[in-house]
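Structure at a glance
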Amino acid sequence: MSRTTYYTACSLDGFLATEDDSLDWLFRQRIDEDGPMNHGAFMAGVGALVMGATTYGWVVDHGERTGEPWAYTVPTWVVTHRQFPPTENDVRFVFGDVESWWPGVVDSAGDREIWVVGGGDLAGQIADAGHLDRMLVQYAPVTLGSGRPLLPRVRDFALVDVVRNQDFVCAEFAVVR
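Residues numbered from 1 in each chain as written. Predicted model: local features only at pLDDT ≥ 70, side-chain atom pairs only at ≥ 80, totals over all residues. Heavy atoms only, no water.

The protein chain has the name Dihydrofolate reductase family protein in an unreviewed UniProt entry, where Rhodococcoides corynebacterioides is given as its organism.

Attention shifts here to the overall build of the protein chain. Of regular secondary structure, the protein chain possesses 5 helices and 10 strands. A compact globule built from 177 residues would reach a C-alpha radius of gyration of about 16 Å, and the protein chain, at 15 Å, matches this within 12%. Each principal axis of the C-alpha atoms in the protein chain carries an extent, and together these give about 40 × 35 × 30 Å. Expressed as a percentage of its 177 residues, the buried residues of the protein chain come to 50%. Once local pairs closer than 6 in sequence are excluded, the contacts in the protein chain between residues at least 24 apart make up 75%. If you sum the accessible surface of the protein chain, you get close to 9200 Å²; carbon and sulfur atoms cover 52% of it. Taking the average location of the 13 positive side-chain charges in the protein chain and that of its 25 negative ones, the two points are 2 Å from each other. (Helix = DSSP H or I, 4+ residues; strand = E, 2+ residues; numbered from the N terminus. Rg over C-alpha atoms; globule rule 2.2 N^0.38 Å. Buried < 20%, exposed > 50% of the residue type's maximum accessible area, 1.4 Å probe, protein only. Contact = heavy atoms within 4.5 Å. Areas by Shrake-Rupley, 256 points an atom, 1.4 Å probe, with all protein chains shown as cover. Lys, Arg positive; Asp, Glu negative; His and termini not counted. Charge placed at Lys NZ, Arg CZ, Asp CG, Glu CD.)

This part covers the pattern of salt bridges. By the definition in use, this model includes 10 salt bridges. In this structure, D21 engages R148 in a salt bridge whose closest nitrogen and oxygen atoms are separated by 2.7 Å. Remark: R148 occurs in strand β8 (residues 148-149) and D21 occurs in the loop between β2 (15-17) and α1 (24-27); sequence separation between them is 127 residues. Each of R3, E113, R134 and E172 takes part in salt bridges that share partners, so that together they form one network. (Salt bridge = Lys/Arg side-chain N within 4 Å of Asp/Glu carboxyl O.)

Quick look at helix α5 (residues 120-128) now. Those residues of α5 that sit buried are G120, L122, A123, G124, I126 and A127. A positive backbone phi angle near 85 degrees is found at G130, which sits one or two residues after α5.

Moving on, we get to the nonpolar core. In this structure, V46, L49, M51, Y56, Y72 and W115 are the most contacted members of the largest nonpolar core, which totals 29 residues. Put simply, the parts of the chain that give this core at least two residues each are β1 (4-11), α1, α2 (39-43), β3 (46-52), α3 (53-66), β6 (113-118), β7 (134-140) and β10 (168-175). If you tally residues by element for this core, the top one is α3, at 4 residues. Judged by nonpolar contacts, the second largest core, of 27 residues, contains V94, V98, L132 and A171. (Core = buried A, V, L, I, M, F, W, Y, C linked by side-chain atoms within 4.5 Å.)

Inspection of the secondary structure puts F84 in the loop between β4 (76-79) and β5 (91-94). Excluding its chain neighbours within four sequence positions, the residues that come into contact with F84 are A53, Y56, G57 and F93.

Under the definition given, this model contains 12 aromatic pairs. Ring pairing ties together the aromatic residues Y7, F42, Y56, W70, Y72, F84, F93 and W115, which thus form one cluster. (Phe/Tyr/Trp six-rings, centres within 6.5 Å; stacked < 30°, edge-to-face > 60°.)

Time to look at α3. In this model α3 runs 20 Å from its N-terminal to its C-terminal C-alpha over 14 residues, within 8% of the 20 Å that 1.5 Å per residue would give. Burial in α3 covers these residues: A53, T55, Y56, G57, W58, V59, H62 and G63. (Expected span 1.5 Å × (residues − 1).)

Shown next, in the form of structure tokens:
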């Protein structure tokens with residue numbers, strides 16, 4: 001059975017992005033790509049991704065601006081009510097409550113990790129449905145004052161581990177059921 005992880009970075013005051021969905025603040029921070037809780041090591045165990053429409057739109061726009069290709073080789077599930085242009089990548093657009101599309105996500109991941117990429121409200125919906133197992137959060141040394149919250153829900157977590165990766169404090173939390 002696969003494990004579901006919300007893996008993300010946020011500001012010290014708990015925001016994933018600014019009000020206008022900018023991540024410029026994040027890319028100014030130093031991180032060791034081979035250091036603790038690094039993205040590459042995490043991705044090596046991922047079998048499927050789940051993201052919201054705003055996150056998907058940002059990833060696509062970022063790729064178009066920078067010329068970077070689509071970074072993911074595993075199925076990507078985008079929860080949306082919007083229409084997006086067709087893509088050559090393995091991107092599956094779904095809508096409705098979590099239980100209506102979750103079995104497909106689990107099947108596509110096999111016995112590998114499911115990565116909840118974002119946003120925070122989608123991660124909250126998955127947690128509310130009882131499917132979130134843990135969060136890996138990399139806290140950047142910056143405050144935004146407002147923006148897109150990490151997890152706009154009341155929920156208990158247990159701290160499992162804390163490490164430093166250059167500018168980031170990286171924490172692993174288990175969902176308390």
